[in-house]
Amino acid sequence: MPELPEVETVVRGLQAVLPGRRIVGVRLGKTDFIDDPAALERELPGTRIQRVRRHGKFLVFDLEAADANRGGRQLLLLVHLGMTGQLTVAPGEAPAPPHTHVFFSLDDGRELRYTDIRRFGRMRIFSSGAQADLLGKLGLDPLEATEAEFAAALHARRAQIKALLLDQRVFRGMGNIYTDESLWRVRIHPRRIGANLSAAELRRLYRAVRDVLNEAIRSRGSSISDYVDADGQQGEFQLKHRVYQREGKKCFRCKTKIRRVIVAGRSSYFCPRCQRAPRRHRPEKSGRV
DNA sequence: CGTTGAACCTGTTTGC
DNA sequence: TGCAAACAGGTTCAAC
């Protein structure tokens, strides 16, 4: 579910209501996705939420431990939504959905809740400054990078473009949906080698990635099955997908049937006519398209 | 350096 | 109908 546009949508929803609120209690269900559950229970009560922001697919909560004995110490709470994670704000008395494993009760009677069916998400707190290891390994934010930076990150790489776009050390925030949608827009096959892309192709890909992500943010993300924003509402960008999960359906440009293949270990949807396959090591072409 | 497959976990869909 | 396999927005690790 959660790629850059979905995380951005959740962040905006939380940033609209959480700053200034104080966490007054922590309740935990299953904790196998939390790095140090005891630290959450020990450190978070009493902290005040200053800001909620996004770093790649991570949500970052800036917290201030305002107690006198803690001297305004800064804390960071990092949350990754994995595949099925949800962060929502609800009245404390409202029933929580199944698989809700973290409850942060707030000083206004509401709760910030974390629900995650598959528990592929992650949750961890840091004293500020010590978080460099996790976030520092991530690559460029595609919405902040310049065209030159974007091209430089790809032009010398011999890996498949799909793998490069998915690699969080290259770009932070891209996932399976927006990678396929971006490649379709610029007619680039997911198995093309990064270094083999022309300067013109890199320029168009840069534009397509930004356009797709910005349009998806405007639509409040893609809801395939589990994704909801901080208010529990679904996104709408799934209605605008051109290739993702459209195997066997007609290409919006040329009517050819969309195909699904595995690239970089992930289902990859593309139009075999618009997105021409690169030459293989062992050519055995059928001769004609 | 780059690729592949498995693992983590639960639920839904598809196929025989 | 029933059961098993395949598949799902992500990340990480081992093996080659």
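Residues numbered from 1 in each chain as written. Chains lettered and ligands numbered in written order. Predicted model: local features only at pLDDT ≥ 70, side-chain atom pairs only at ≥ 80, totals over all residues. Heavy atoms only, no water.

Here we come to helix 4 (residues 147-154). Every buried residue belonging to helix 4 is among F150, A151 and L154, and all of these are buried. Looking straight down helix 4, one finds its buried side chains confined to an arc of 95°; they lie on one side. Elements that come into contact with the buried residues of helix 4 comprise helix 5 (161-166) and helix 7 (199-218). (Buried < 20%, exposed > 50% of the residue type's maximum accessible area, 1.4 Å probe, protein only. Helix = DSSP H or I, 4+ residues; strand = E, 2+ residues; numbered from the N terminus. Arc of directions from axis to C-beta. Contact = heavy atoms within 4.5 Å.)

Our focus in this paragraph is the sheet that holds strand 2 (residues 47-55). Pairing in this open sheet of four strands is antiparallel, and the strands run 2-3-4-8 from one edge to the other. Every other strand in the sheet has two partners, leaving strand 2 and strand 8 (122-127) as the edge strands with one partner each. Along the sheet, successive strands turn relative to each other by an average axial angle of 20°, direction set aside. One ladder, built from six bridges, connects strand 4 (residues 73-80) with strand 8; its direction is antiparallel. Residue pairing for strand 8: L75 is matched across the bridge by S127. Contacts from helix 1 (residues 4-17) reach strand 2 and strand 3 (58-65) within the one sheet, and its direction differs from that of strand 2 by about 155°. (Pairing = 2+ DSSP bridges. Axes fitted to C-alpha atoms, helices over the stretch in contact; angles between N-to-C directions.)

Okay, the domain arrangement of chain A next. Assigned domains of chain A: these are domain 1 (4-135) and domain 2 (147-270). Taking only C-alpha atoms, the centre of domain 1 and the centre of domain 2 are 29 Å apart. Surface buried jointly by domain 1 and domain 2 totals about 1500 Å² across both partners, of which 64% is contributed by carbon and sulfur atoms. By the criterion of area lost to domain 2, the three top residues of domain 1 are P5, E6 and T9, representing 33% of everything that side buries. Linking domain 1 with domain 2 are zero salt bridges. Viewed at the interface, domain 2 and domain 1 are joined by six residue pairs in polar contact (both at pLDDT 80 or more). Of all the secondary structure elements, the ones that give two or more residues to the side of domain 1 that touches domain 2 are helix 1 and strand 5 (85-91). A total of nine residues in the side of domain 1 that touches domain 2 trace back to one element, the largest contributor, which is helix 1. Of the residues contributing to the side of domain 1 that touches domain 2, the split by class is seven nonpolar, seven polar and four charged. (Domains from an automatic or database assignment. Buried area = accessible area lost by both parts, 1.4 Å probe. Salt bridge = Lys/Arg side-chain N within 4 Å of Asp/Glu carboxyl O. Polar contact = N/O pair within 3.5 Å; in protein donor to acceptor, adjacent residues only side chain to side chain. Nonpolar A, V, L, I, M, F, W, Y, C, P; charged D, E, K, R; others polar.)

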